[in-house]
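Chains, contacts and geometry: an overview
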Amino acid sequence: ALVRRTCFVTGAVGMDGCPEADRGEVAFIGRSNVGKSSLVNMLTNRKSLAFISKTPGKTQQFNYFAVNDKPDLARQIRYGDEVLGSKDRDSFYIVDLPGFGFAKVPQKQRQEWSDFMDEYLTTRETLRVIFHLVDARIGPTEEDAKIMHKVGAIIGSKQQRNHAKYVIILTKADKNVKSASSKNPGKVSESVRNKLCETMKANKVGYAPIVVTSAETRLGRDEVWRYLRLAAEQ
Ligand code: GDP
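Cut-offs applied
Residues numbered from 1 in each chain as written. Predicted model: local features only at pLDDT ≥ 70, side-chain atom pairs only at ≥ 80, totals over all residues. Helix = DSSP H or I, 4+ residues; strand = E, 2+ residues; numbered from the N terminus. Buried ≥ 20, exposed ≤ 12 C-beta atoms within 10 Å, placed from the backbone. Contact = placed C-beta atoms within 7 Å. Near = placed C-beta within 6 Å. Nonpolar A, V, L, I, M, F, W, Y, C, P; charged D, E, K, R; others polar. Axes fitted to C-alpha atoms, helices over the stretch in contact; angles between N-to-C directions. Parallel < 35°, antiparallel > 145°, perpendicular 65-115°, else oblique. Left-handed = near helix turned anticlockwise from the far one by under 90°. Core = buried A, V, L, I, M, F, W, Y, C linked by C-beta atoms within 7 Å.

Going by what an unreviewed UniProt entry lists, the protein chain is known as EngB-type G domain-containing protein and is assigned to Stephanodiscus triporus.

And the structure:
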């Protein structure tokens with residue numbers, strides 16, 4: 001089994017709120033409703049990981065989940081029914097980054113959050129993979145283009161202190177019209193793929209790998225796990 005245990009650790013609103021950088025981590029970013037919680041639950045064999053960021057009215061925060069920690073009963077710090085653990089040999093963090101859909105958030109707060117995001121992607125040394133989730137049914141939205149623009153400016157720049165890979169994940173591929181009727185469920189429609197490639201090119205993210213997934217059918221699970229191992233095996 002790749003996952004023994006997953007547990008919520010903390011929500012960070014600034015770099016000093018992130019846990020100690022003592023293991024690899026991967027970040028998932030995507031607009032709300034893209035299928036992020038469903039995908040992370042599928043990857044970690046959970047029914048419902050508490051995605052705090054989904055609670056309406058909650059501040060935008062980076063939510064840290066520890067994968068494969070040893071339960072540490074001595075610490076007795078409980079989140080729901082979870083007991084925080086201590087690091088094991090294949091522990092890593094999954095970080096849930098909120099999307100940019102904050103129309104109702106004041107400009108000042110937006111800027112602060114955007115700065116945190118920049119700083120995180122640039123300076124978090126243990127960051128191994130940035131997964132950007134895009135809905136396979138509709139392709140990249142304006143918000144996705146903004147995310148790519150941000151990532152494109154950081155990835156491979158001299159300032160970037162990690163060698164984080166940027167990987168696009170297409171979600172809900174079972175709902176993509178073509179794939180639903182096709183014998184090949186991993187094939188998304190040509191128009192979505194073209195739009196994606198155009199948006200990637202326009203935002204200078206290079207040739208990012210594209211992984212086609214479905215939380216419903218578990219399509220793409222092994223492929224995503226190949227990237228998760230970059231964080232788990234240090
Ligand atoms: P989040 O807001 O990004 O965390 O999105 P959720 O995981 O809550 O999913 C949003 C909606 O899309 C829900 O109604 C899910 O049931 C649906 N959904 C998520 N993943 C899939 C998928 O792989 N296939 C299908 N058909 N629906 C999905």
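What the protein chain contains, in helices and strands, is 6 helices and 11 strands. Per-residue burial over the protein chain gives 39% buried out of 234 residues. Within the protein chain, contacts between residues at least 6 apart in sequence are counted, and of these 76% link residues at least 24 apart.

By nearness alone, 16 residues border the ligand, and Gly35, Lys36, Ser37, Ser38 and Ala215 come closest of all. Looking at the shell around the ligand, the element that brings in the most residues is helix H1 (residues 36-43), giving 3 residues. When its residues are assigned to classes, the shell around the ligand shows 3 nonpolar, 8 polar and 5 charged.

Right, let's talk about the packing of helix H2 (residues 107-123) against helix H3 (residues 142-154) for a bit. Here H2 crosses H3 at 40°, and the two axes come no closer than 10 Å. It follows from the interaxial angle that H2 and H3 lie oblique. Seen along the crossing, H2 lies across H3 with a hand that is right-handed. Across the interface between the two elements, Met117, Asp118, Leu121 and Thr122 from H2 touch Lys150, Val151 and Ile154 from H3. Across the contact of H2 with H3, the residue classes break down as 4 nonpolar, 1 polar and 2 charged.

The subject of this paragraph is the nonpolar core. Counting residues in hydrophobic clusters, the biggest one holds 57 residues, and the most contacted among them are Val26, Ala27 and Ile130. A per-element tally of this core places strand E9 (residues 127-135) first, with 6 residues.

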